[in-house]
Amino acid sequence: MSKKYVIALGGNALGNSPKEQEKNLVVTSKAIVDLVEEGVEVTICHGNGPQVGMIKKAMDETFNENGEIFMPFAECGAMSQGYIGFQMQNAIKNELLKRNIRKNVVSVITEVEVDRNDPAFKDPTKPIGSFMTEEEAKKLEEAGIFVMEDAGRGYRQVVPSPKPKRILEKESIENLIENGNIVISCGGGGIPVILENGEYKGVDAVIDKDLSSSLLAREINADVLVILTAIDNVKINFGKENEESLGEISTEEIKKYLKNDEFKKGSMLPKVEAAIEFADSKEGRLTIITSLEKANEIVSAKAGTRISKM
Ligand SMILES: Nc1ncnc2c1ncn2[C@@H]1O[C@H](COP(=O)(O)OP(=O)(O)O)[C@@H](O)[C@H]1O
Ligand SMILES: NC(=O)OP(=O)(O)O
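Definitions and cut-offs
Residues numbered from 1 in each chain as written. Chains lettered and ligands numbered in written order. Predicted model: local features only at pLDDT ≥ 70, side-chain atom pairs only at ≥ 80, totals over all residues. Heavy atoms only, no water. UniProt positions renumbered as here; feature names shortened; annotations may be inferred. Pairing = 2+ DSSP bridges. Helix = DSSP H or I, 4+ residues; strand = E, 2+ residues; numbered from the N terminus. Axes fitted to C-alpha atoms, helices over the stretch in contact; angles between N-to-C directions. Contact = heavy atoms within 4.5 Å. Core = buried A, V, L, I, M, F, W, Y, C linked by side-chain atoms within 4.5 Å. Buried < 20%, exposed > 50% of the residue type's maximum accessible area, 1.4 Å probe, protein only. Parallel < 35°, antiparallel > 145°, perpendicular 65-115°, else oblique. Left-handed = near helix turned anticlockwise from the far one by under 90°. Salt bridge = Lys/Arg side-chain N within 4 Å of Asp/Glu carboxyl O. Near = heavy atom within 4 Å. Polar contact = N/O pair within 3.5 Å; in protein donor to acceptor, adjacent residues only side chain to side chain. Areas by Shrake-Rupley, 256 points an atom, 1.4 Å probe, with all protein chains shown as cover. Nonpolar A, V, L, I, M, F, W, Y, C, P; charged D, E, K, R; others polar. Expected span 1.5 Å × (residues − 1).

- For the protein, the name recorded in an unreviewed UniProt entry is Carbamate kinase, with Citroniella saccharovorans as its organism.
- Taken directly from UniProt, the Catalytic activity (unreviewed entry) text for the protein runs: "hydrogencarbonate + NH4(+) + ATP = carbamoyl phosphate + ADP + H2O + H(+)".

A word on the pairing of strand β10 (residues 191-196)
- Note: strand β4 (residues 111-113) against β10, three bridges, orientation parallel. Within the sheet, the bridge partner assigned to Val112 lies in β10 and is Pro192.

Here's the deal with the sheet that holds strand β5 (residues 126-132)
- The sheet built from three strands is open, its strands ordered β5-β7-β6 with antiparallel pairing. Unpaired on one side and paired on the other, β5 and β6 (147-149) mark the two borders of the sheet. With strand direction ignored, the average angle separating the axes of adjacent strands in the sheet is 40°.
- Sheet topology note: the β5/strand β7 (residues 155-159) ladder contains four bridges and is antiparallel. Looking at the pairing, Met132 lines up with Tyr155 of β7.
- On the sheet, helix α2 (residues 49-63) packs against β5 and β7 and is oriented at approximately 70° with respect to β5.

Here we look at the sheet that holds strand β15 (residues 248-250)
- Strand order in the open sheet made by the eight strands is β3-β9-β2-β1-β12-β16-β17-β15, with mixed pairing throughout. At either end of the open sheet lies a strand with only one pairing partner, and these are β3 (105-107) and β15. Geometrically, the sheet is characterised by an average inter-axis angle of 20° between neighbouring strands, direction not taken into account.
- Taken together, the six bridges between strand β1 (residues 4-9) and strand β2 (residues 41-46) define a ladder with parallel strand orientation. What sits directly across from Leu9, in β2, is His46.
- The sheet strands contacting helix α6 (residues 209-219) are β1, β2 and β12 (224-229), and the helix crosses β1 at an angle near 170°.
- Strand contacts of helix α7 (residues 251-259): β15 and β17 (305-308), with the helix running at about 85° to β15, the strand carrying the most contacts.

Description of the nonpolar core
- If you look at the biggest cluster of nonpolar residues, it comprises 38 residues, and the most contacted ones within it are Ile254 and Phe263.
- For this core, the secondary structure elements donating two or more residues are β1, α5 (170-178), α6, β12 and α8 (268-281).
- In terms of residue count, the dominant contributor to this core is α8 (eight residues).
- By size, the runner-up hydrophobic cluster in this structure holds 31 residues, among which are Leu35, Ile44, Ala91 and Ala295.

Observations concerning the packing of α7 against α8
- Remark: α7 packs on α8, axes separated minimally by 10 Å, with the N-to-C direction vectors making an angle of 155°. Overall, the two elements α7 and α8 adopt an arrangement that is roughly antiparallel. Every pair of crossing elements has a handedness; the one defined by α7 and α8 is left-handed. Taken together, the residues of α8 that come into contact with α7 (itself represented by Thr251, Ile254, Lys255 and Leu258) are Leu269, Val272, Glu273, Ile276, Ala279 and Asp280.

Points about the pattern of salt bridges
- One pass over the structure, following the stated rule, counts 22 salt bridges.
- A salt bridge links Arg99 to Glu37; its shortest N-O distance comes to 3.0 Å. Here the residue Arg99 occupies a position in the loop between α3 (73-98) and β3, and Glu37 occupies one in helix α1 (residues 18-37), the gap between them amounting to 62 residues.
- Among the salt bridges present, the one from Arg306 reaches Glu248, with a minimum N-O distance of 3.2 Å.

Some details on the environment of Pro124
- Turning to its location among the elements, Pro124 is positioned in the loop between β4 and β5.
- Residue class for Pro124 comes out buried when judged on its relative accessible area of 13%.
- Sequence spacing of Pro124 and Pro160 is 36 residues, and the spatial spacing of their C-alpha atoms is 3.9 Å.
- Ignoring any residue separated from it by four or fewer positions in sequence, one finds Pro124 in contact with Phe146, Val158, Val159 and Pro160.

Here we look at the site of ligand 1
- Within the structure, ligand 1 sits among 21 residues, and Arg153, Lys209, Thr229, Lys235 and Lys271 are positioned closest to it.
- In the environment of ligand 1, a nitrogen atom lies 3.1 Å from a nitrogen or oxygen atom belonging to the backbone of Glu262.
- The contact in question runs from an oxygen atom of ligand 1 to an N or O atom on the side chain of Lys271, over 2.5 Å.
- Here ligand 1 loses 94% of its free accessible area of 580 Å² to cover by the protein chains.
- Here the residues of the shell around ligand 1 sort into eight nonpolar, seven polar and six charged.

Quick look at α1
- In this model, α1 (20 residues) spans 28 Å end to end at C-alpha, consistent with the 28 Å of a helix rising 1.5 Å per residue.
- Along α1, the residues that are buried comprise Gln21, Asn24, Leu25, Thr28, Ser29, Ala31, Ile32, Val33, Leu35 and Val36.
- Looking at the packing, one finds that the buried side of α1 touches β1, β2, α2, α3, β9 (182-184) and β12.
- Downstream of α1 by one or two residues, Gly39 has phi in the positive range, about 90°.

Below, the structure is given as structure tokens:
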């Protein structure tokens, strides 16, 4: 039976502009189609931190002259799914064309239910938009916007990031996979919705795509979860002189590092949490965390940090 992979692509690793993203996606598409040629069933999720921040800023500048917010975050998240989904779908389609492989690629606008009482609504941790200097960050903070230092790379706006509870389009995604499609779903972690008075409605938040990818991977009974980001390996003592890369590691061992606060909130921490959640959920499941550049080594399962129950 063919293996099922869920590949999660980082919003930061996708680059900061449509051109940069297009270029990065050519590399990623090659690795994805390599997997397809090996007979792997591939499903893709992607981040949207930089992109949703950029879209929100542009929307506010266009529509917000009288101080009213016209474009809610959920709608901005939906736009990011369309924008990234289009470029990704297009890049994979072109790679399939080049190799003469007849297969369909489809992006699914995905809603993900969150808990309206999730404590994350009171503690924003998801960095969005571009990086700022400390001075720029202070100005935003004075205007009532939450900001946070992001893994030594500068300051960014942060928004609430509630935990994903249920993927509303799960059955459609499964049907598409079963029918041989390469599916792009849960973009930006999915559009966050809550159930209120019998109706789903969008909320102001950005779900972590690594946690949604892990949820999707478990729900569709995947074998491997691949988290592609901007760094080759998960590190301990990150950014220090005694920094060390983690290779093959058990969930039990990496949990010890997690307890020691080795992984930064809003960047590596959710990836490691998602990795553990998936690997621990069933014997034989593997999570690989590595960079976009190493994506071509996924097939041999040699790249990056490889987390399993062992
Ligand atoms: N312990 C760690 N090991 C490796 N990278 C870390 C660690 N802690 C923080 N980071 C940072 O996290 C980044 C990945 O998170 P992020 O940029 O948010 O991912 P994404 O690609 O999903 O947007 C790395 O590029 C690195 O700068
Ligand atoms: N939504 C999300 O997790 O985006 P990033 O991958 O950009 O952080």
